[in-house]
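# Fold and geometry: a report
Each chain is listed here by its residues.
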Amino acid sequence: MNNKLAVYSLLILCVVVGGYFVLHSSDEQQIKKNLALLAEYCSTTAQEPLLETMQKISQAAKLCRDPCEVKIPSFSIDREFTQQEFSQHLMLLKKQLPTTRFNFTDTSIIMPGEDSAAITTTVQLKGTNAAGRFADVYELDIGAEKIDGNWLFTSFHVVEFIEK
Amino acid sequence: MSFLKRFFLPELNSQFLLRVIVVSFASYLVFTFLLIPLKIRGKSMEPTYHDGSYALCWRPKYGYTSFKRFDVVTVRLAGRHVMLLKRIIAFAGESLEFRHGVLFINSRQIDEPYVQFNSDWNLLPRTVAEGKVYVIGDNRGLDMKRHVFGQVNMQRIVGGVVP
């Protein structure tokens with residue numbers, strides 16, 4: 001009887017622990033998937049058709065809450081951007097950097113609550129501009145919230161860890 | 001001959017499998033926690049390190065020695081997959097400035113033999129804050145605005161660079 005009880009207890013424990021990890025990781029996976037999508041939509045390929053660019057911008061904006069907070073201290077930007085503003089700025093960026101690949105690496109996610117997440121990541125930009133080939137990296141703190149079952153990015157802060 | 005044969009065409013037995021597992025695990029530990037392979041992208045450390053070349057980050061270096069002026073170090077961002085490769089030029093409490101591309105620390109001119117590309121950089125004097133070091137790339141031929149350099153928290157330094 002005792003053995004049976006021990007086996008059942010162990011099974012229940014395994015299910016609870018396993019379930020926690022499956023549910024927990026599914027949220028993290030969703031956030032990472034959204035980051036990968038954001039990188040794809042922000043990236044621009046050579047001679048990308050305008051229609052495709054517009055679609056990508058629209059899809060990128062849909063991954064963000066309306067409004068979304070943006071903080072870039074070196075450009076004195078610290079305010080909320082509406083989806084429309086976000087789209088306009090992304091369009092400008094794509095025009096200035098016509099062949100640029102975005103990539104998020106070293107992503108770590110902390111979930112202080114069930115419906116909120118704090119993401120720390122490095123964004124790499126690789127491409128070509130008027131001056132030739134370039135590669136830039138920035139550290140980002142990104143906020144995310146689960147709204148109606150979907151994870152949306154709520155804030156983007158550029159971490160300025162190096163100060164001239 | 002038999003040694004070469006055994007070396008290149010080993011017998012696939014349990015001992016061989018064990019050796020493969022041990023070597024793989026040891027390589028993983030060494031190249032993840034001790035010697036991180038670096039592929040250099042960008043020209044900020046030219047001519048010391050070229051775009052597309054390789055180096056290694058020796059992580060334990062500052063466990064047994066302190067930071068020295070002109071050490072080349074790796075500076076982490078959010079993690080260790082993407083890092084900045086820079087040279088330490090000044091320490092906390094020191095005043096630093098550039099006058100027509102020449103480095104001055106505490107108002108004394110500093111010779112930088114590793115700098116090959118002359119510049120006309122001008123940077124007003126500034127003092128390095130406590131707990132920080134001042135890092136910069138060797139390529140001063142770049143536009144100063146485009147060059148990533150400045151003071152960083154010492155905790156962001158992952159290790160030294162070899163060779």
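Our subject is the structure that appears above.
We now turn to the structure provided with this report. These numbers come from a predicted model, not from an experiment.

## Quick notes on the overall build of chain B
- A count of helical and extended segments in chain B gives three helices and 11 strands.
- When the elements of chain B are put in sequence order from the N terminus, they spell out α-α-β-β-α-β-β-β-β-β-β-β-β-β.
- Since a compact globule built from 163 residues should have a radius of gyration of about 15 Å, the 21 Å found for chain B marks it as more spread out than a globular shape.
- A buried classification covers 39% of the 163 residues belonging to chain B.
- Per element, the accessible surface of chain B, about 9800 Å² overall, is 60% carbon and sulfur.
- The averaged location of the 12 negative side-chain charges in chain B is 8 Å from the averaged location of its 22 positive side-chain charges.

## Considering the interface of chain B and chain A
- Taken residue by residue, the interface counts 25 residues in chain B and 18 residues in chain A.
- Between chain B and chain A, the buried area comes to about 1700 Å², and carbon and sulfur atoms account for 55% of it.
- Per-residue buried area on chain B facing chain A is highest for B:Leu77, B:Ala78 and B:Val82; these three make up 31% of the total on that side.
- On inspection of chain B and its partner chain A, the count reaches two salt bridges.
- Here A:Glu139 and B:Arg156 are joined by a salt bridge, their closest N and O atoms 2.8 Å apart.
- Here chain B and chain A share 12 residue pairs in polar contact (both at pLDDT 80 or more) between them.
- Every element with two or more residues in the side of chain B that touches chain A is listed here: β3 (72–76), β9 (132–136) and β10 (150–153) of chain B.
- Of the residues contributing to the side of chain B that touches chain A, the split by class is 11 nonpolar, five polar and nine charged.

## Let's talk about the packing of aromatic side chains
- Per the counting criterion, the structure on display carries seven aromatic pairs over all chains.
- Judged by centre distance (5.3 Å) and plane angle (15 degrees), the rings of B:Trp121 and B:Phe149 are stacked. Taken together, the residues span a long stretch of sequence, with B:Trp121 in the loop between β7 (108–110) and β8 (123–127) and B:Phe149 in the loop between β9 and β10 at a distance of 28 residues. This pair shows no difference in class: B:Trp121 is buried, exactly as B:Phe149 is.
- Taken together, the ring pairs connect B:Phe98, B:Trp121, B:Tyr134 and B:Phe149 into an aromatic cluster.
- Over the ring of A:Phe81 we find A:Arg79, and its NZ or CZ is 4.1 Å from the ring centre.
- In this arrangement the basic side chain of B:Arg87 is found over the ring face of B:Tyr114, its NZ or CZ atom lying 3.8 Å from the centre.

## Focus: helix α2 (residues 14–34) of chain B
- Between the first and last C-alpha of α2(B) there are 29 Å, a value that for 21 residues agrees with the 30 Å anticipated at 1.5 Å per step.
- Between the side-chain oxygen at the start of α2(B) and the backbone nitrogen of B:Gln15 there is a gap of 3.3 Å, and the oxygen is on B:Asn13.

## Focus on the side chain of A:Glu139
- Following the sequence through the fold, A:Glu139 ends up in strand β5 (residues 132–147).
- Its relative accessible area of 6% is what places A:Glu139 among the buried residues.
- A distance of 2.8 Å separates a polar atom in the side chain of A:Glu139 from a polar atom in the side chain of B:Arg156.
- Once residues lying within four places of it in the same chain are set aside, the contact partners of A:Glu139 are A:Thr120, A:Thr121, A:Thr122, A:His157, A:Val158, A:Val159, A:Phe161, B:Leu77, B:Ala78 and B:Arg156.

## Observations regarding the layout of surface pockets
Residue and element names in this part refer to chain B.
- In this structure, the second largest pocket spans a volume of roughly 240 Å³.
- In this structure, the second largest pocket is lined by Phe 3, Lys 5, Arg 6, Phe 7, Leu 9, Pro 10, Glu 11, Asn 13, Gln 15, Phe 16 and Arg 19.
- Listing elements by their share of the lining of the second largest pocket, those giving two or more residues are α1 (2–8) and α2.
- The leading source of residues in the lining of the second largest pocket is α1, at four residues.
- Per-class residue counts for the lining of the second largest pocket are five nonpolar, two polar and four charged.

## Notes on the pairing of β5(A)
Residues and elements named next belong to chain A.
- In terms of strand pairing, strand β4 (residues 116–129) meets β5 through 14 bridges, oriented antiparallel. Bridge pairing links Thr 128 to Arg 133 in β5.
- The turn linking β4 back onto β5 is made up of two residues.
- Pairing of β5 with strand β6 (residues 150–159) involves nine bridges; the strand directions are antiparallel. Bridge pairing in β6 links Lys 146 to Trp 151.

## Quick look at helix α3 (residues 83–96) of chain A
Residue and element names in this part refer to chain A.
- Taking 1.5 Å per residue, 14 residues should reach 20 Å; α3 reaches 20 Å between its end C-alpha atoms and fits that length.
- Every buried residue of α3 is listed here: Phe 86, Ser 87, Leu 90, Met 91 and Lys 94. Seen from one end, α3 has its buried residues packed into an arc of 135 degrees, which puts them on one side. Facing away from the buried side of α3 by over 90 degrees, the exposed positions are Gln 84, Lys 95 and Gln 96.

Reading guide: rules and limits
Residues numbered from 1 in each chain as written. Chains lettered and ligands numbered in written order. Predicted model: local features only at pLDDT ≥ 70, side-chain atom pairs only at ≥ 80, totals over all residues. Heavy atoms only, no water. Helix = DSSP H or I, 4+ residues; strand = E, 2+ residues; numbered from the N terminus. Rg over C-alpha atoms; globule rule 2.2 N^0.38 Å. Buried < 20%, exposed > 50% of the residue type's maximum accessible area, 1.4 Å probe, protein only. Areas by Shrake-Rupley, 256 points an atom, 1.4 Å probe, with all protein chains shown as cover. Lys, Arg positive; Asp, Glu negative; His and termini not counted. Charge placed at Lys NZ, Arg CZ, Asp CG, Glu CD. Contact = heavy atoms within 4.5 Å. Buried area = accessible area lost by both parts, 1.4 Å probe. Salt bridge = Lys/Arg side-chain N within 4 Å of Asp/Glu carboxyl O. Polar contact = N/O pair within 3.5 Å; in protein donor to acceptor, adjacent residues only side chain to side chain. Nonpolar A, V, L, I, M, F, W, Y, C, P; charged D, E, K, R; others polar. Phe/Tyr/Trp six-rings, centres within 6.5 Å; stacked < 30°, edge-to-face > 60°. Lys NZ or Arg CZ within 6 Å of the ring centre and 35° of its normal. Expected span 1.5 Å × (residues − 1). 1 Å grid on protein atoms, 1.4 Å probe; cavity = no way out; pocket = protein on both sides within 12 Å on 5 of 7 lines; lining within 4 Å. Points joined across faces, edges and corners; volume = space filled by probe spheres on them. Pairing = 2+ DSSP bridges. Arc of directions from axis to C-beta.

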